[in-house]
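Residues per chain are reported as follows:
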Amino acid sequence: MQRSFRAKWILFSSACIIVLAAIWLLSSPSQSQTPPSAGRVPKYVFLFLADGGGMAHMEIARQYSRQIHNEGFVIVDKIIKEGSVGVMTTHAADALSTDSAAAATALAGGCKANIGALGVCADGTPAVSAMELARRRGMRLGLVTNSTIYDASPAAFLCHVRNRREFAAILNRYLELEPDILLGGGKEQFLPKSQAGSRRADETDMIAAFTKKGYRIVDNKADLERAPSGKLLGLFAAEYMSMEIDRDKNREPSVYDMTRAAIRLLHEHNPRGFFAFIESENIDTAAHLSDVASVIHDYREFDRAVGLAYEFYRKYPRETLIIVASDHETGGLGFTLALKDLTSTKGSNRVAGTSDDLKKIQSINISLQKASQLLGRNPTGDAVDKLINEYFRGFTLAPEFREAIVRRQPVSRTLFTDPTAQALGAMIANNTQAYWLTSTHTNQPVLIAALGVGAERFKGYYDNAEFGNTLKKLMEGKPAK
């Protein structure tokens, strides 16, 4: 355990280097010239959000793709190299870090918000969002997420509530504005209170209400793929959708699958264009659990979804804007140098992450969320040993982490959201050198990549509220300054 603490200090320095490298990248000349777009409003807008995804998360997923699968990474190879790149700060109005509600409010509405507020500025005024401005232009709207469809990030683009957990008010707002595509999890808030599986506080049947408004309802991958033109509500899980590493690929759609369906339905017979918000919440969820394998799998699938938008952009380069963003960094992740043990600080007793460690991570075929669920609330030592032998072959579980799992105790002051998952995450770190600083959000700046109409406006180093204002001005056809 002491080794993981020591590694955290090294990891903090690594995070600073990442930010400095990104700033250097901003000053480098673009490798391709973006078509002039002054005064133009993009007809097709894609806003991809890697919730909780810091620069290290993306880089580890990119390295994994290259070294394990000999594959490229669309965000880096296409969006960044052909477009613009920026670095964005993420703090809330009332804290030095943020939650997803305050962060998404800034991204969507262009103002700083307090922790937990959704579409409401810190001074109490509603924040008109870029997506609401798109609707005023007659554009179709799509919200896609592997979280609940009423979770903070998608909801901030259409809703205005003081507490992100006002789910009924969020769904009522969706029903009022009628976005064309709603895809994600969260069926439990659509069912009347008396129906099995419901978590509503009243007897309102929201599925019936959306059906009455002309929405087709789907709940599986096959029905999503063959959904005809028109408004669509897809509810693929009672609450959050599965981690990519655990997903039933025959039944449950991925972010890639949902993005493909959304592009088809938003674009068909549509002369006015669309604004599509597409999120991978699972990157954040995995980072909260110190689950590097799940971060990689979900980031790779997210990158594949960005690839669909890039293919669309190639067909409509003078009408399309693609933005790839994050709302905040979660976990303080990074490969680092660590001591093998505490017997010596000499070089012979030090170890750094290598491609062999990526291969170790590849061998993991279960999320730490699912592993924690399998062990339950009262795990025994024998059950822990069986889990390690079955799902984490080749990994060594230190005695203190085994004890933390059995006793359900946090492994440190900063790794505490799920004691079982965090202990397993610490085990993986000790075996691969991919360490975590915390199980919650940090104040690390995040990367913004943009390609297409107006992409040049997102260069530089700026705050998330400034990002939101830039996006809103772009949707209104206003100049950058």
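It should be noted that the structure appears before, not after, this text.
Attention in this report is confined to the structure presented alongside it. (Residues numbered from 1 in each chain as written. Predicted model: local features only at pLDDT ≥ 70, side-chain atom pairs only at ≥ 80, totals over all residues. Heavy atoms only, no water.)

## As for the overall build of the protein
Summing up its helical and strand segments, the protein has 18 helices and 16 strands in all. Here the C-alpha radius of gyration of the protein, 22 Å, is about what a compact globule of 481 residues would show, namely 23 Å. Considering only C-alpha atoms, the protein reaches an extent of 65 × 60 × 45 Å along its principal axes. The buried share of the protein, reckoned over its 481 residues, is 58%. In the protein, once contacts between residues fewer than 6 apart in sequence are set aside, the share between residues at least 24 apart is 74%. (Helix = DSSP H or I, 4+ residues; strand = E, 2+ residues; numbered from the N terminus. Rg over C-alpha atoms; globule rule 2.2 N^0.38 Å. Buried < 20%, exposed > 50% of the residue type's maximum accessible area, 1.4 Å probe, protein only. Contact = heavy atoms within 4.5 Å.)

## Description of the state of the cysteines
A complete count under the given rule lists one disulfide for this structure. Through a disulfide, Cys 111 is tied to Cys 121; the S-S separation comes to 2.1 Å. Every disulfide takes its handedness from the sign of the S-S torsion; for Cys 111 and Cys 121 that torsion is -95°, giving left-handed. Placement of the pair is Cys 111 in the loop between helix 4 (100-109) and helix 5 (130-136) and Cys 121 in the loop between helix 4 and helix 5, with a sequence separation of 10 residues. Since its relative accessible area comes to 13%, Cys 121 is described here as buried. Not part of a disulfide, Cys 159 finds its nearest cysteine sulfur in Cys 111, a span of 15 Å. Classification of Cys 159 as buried rests on a relative accessible area of 1%. (Disulfide = S-S within 2.5 Å.)

## Quick notes on the side chain of Asn 146
For Asn 146, the location among the structural elements is in strand 3 (residues 140-148). Residue Asn 146 is classed as buried on the basis of its relative accessible area of 4%. Separated by 3.5 Å, the side chains of Asn 146 and Ser 280 make a polar contact. A distance of 2.7 Å separates a polar atom in the side chain of Asn 146 from the backbone nitrogen of Glu 281. If we skip the residues at most four places from it in the chain, Asn 146 touches Tyr 240, Met 241, Val 255, Met 258, Glu 279, Ser 280, Glu 281, Asn 282 and Asp 298. (Polar contact = N/O pair within 3.5 Å; in protein donor to acceptor, adjacent residues only side chain to side chain.)

## Description of the pairing of strand 6 (residues 232-235)
Residues Leu 232 and Gly 234 of strand 6 are buried on one face, and the alternating residues Leu 233 and Leu 235, pointing to the opposite face, are buried as well. By the bridge criterion, four bridges tie strand 4 (residues 181-185) to strand 6 in an arrangement that is parallel. Residue Leu 183 lies in a different strand from strand 6, and its bridge partner there is Gly 234. Sheet topology note: the strand 5 (residues 216-218)/strand 6 ladder contains three bridges and is parallel. Directly across from Val 218, in strand 6, lies its bridge partner Gly 234. (Pairing = 2+ DSSP bridges.)

## Some points on empty space enclosed by the protein
Enumeration according to the criterion identifies four cavities of 30 Å³ or more in this entry. Of the pockets and cavities examined, the largest cavity occupies roughly 80 Å³. Secondary-structure elements contributing two or more residues to the lining of the largest cavity are helix 2 (55-69), strand 8 (320-325) and strand 15 (446-452). The greatest single-element share of the lining of the largest cavity, amounting to three residues, is contributed by strand 15. Of the residues in the lining of the largest cavity, the class split is 10 nonpolar, three polar and no charged. (1 Å grid on protein atoms, 1.4 Å probe; cavity = no way out; pocket = protein on both sides within 12 Å on 5 of 7 lines; lining within 4 Å. Points joined across faces, edges and corners; volume = space filled by probe spheres on them. Nonpolar A, V, L, I, M, F, W, Y, C, P; charged D, E, K, R; others polar.)

## Let's talk about the layout of surface pockets
Size it by volume and the second largest pocket reaches roughly 550 Å³. Here the lining of the second largest pocket takes three residues from helix 11 (residues 282-288), the largest share from any one element. Of the residues contributing to the lining of the second largest pocket, the split by class is five nonpolar, eight polar and nine charged.

## What about helix 3 (residues 74-82)?
Every buried residue of helix 3 is accounted for by Val 74, Ile 75, Val 76, Ile 79 and Ile 80. Burial along helix 3 is one-sided: seen end-on, the buried residues are contained in an arc of 160°. (Arc of directions from axis to C-beta.)

## Structural notes on the pairing of strand 1 (residues 44-50)
The element strand 1 is largely enclosed, with a buried count of seven among its seven residues. Side chains Tyr 44, Phe 46, Phe 48 and Ala 50 of strand 1 all project onto a buried face; the interleaved residues Val 45, Leu 47 and Leu 49 project onto the opposite face, where all are buried too. Pairing geometry for strand 1 and strand 7 (residues 274-280), over seven bridges, is parallel. Directly across from Tyr 44, in strand 7, lies its bridge partner Phe 274. Examined bridge by bridge, strand 1 and strand 8 share six bridges and lie parallel to one another.

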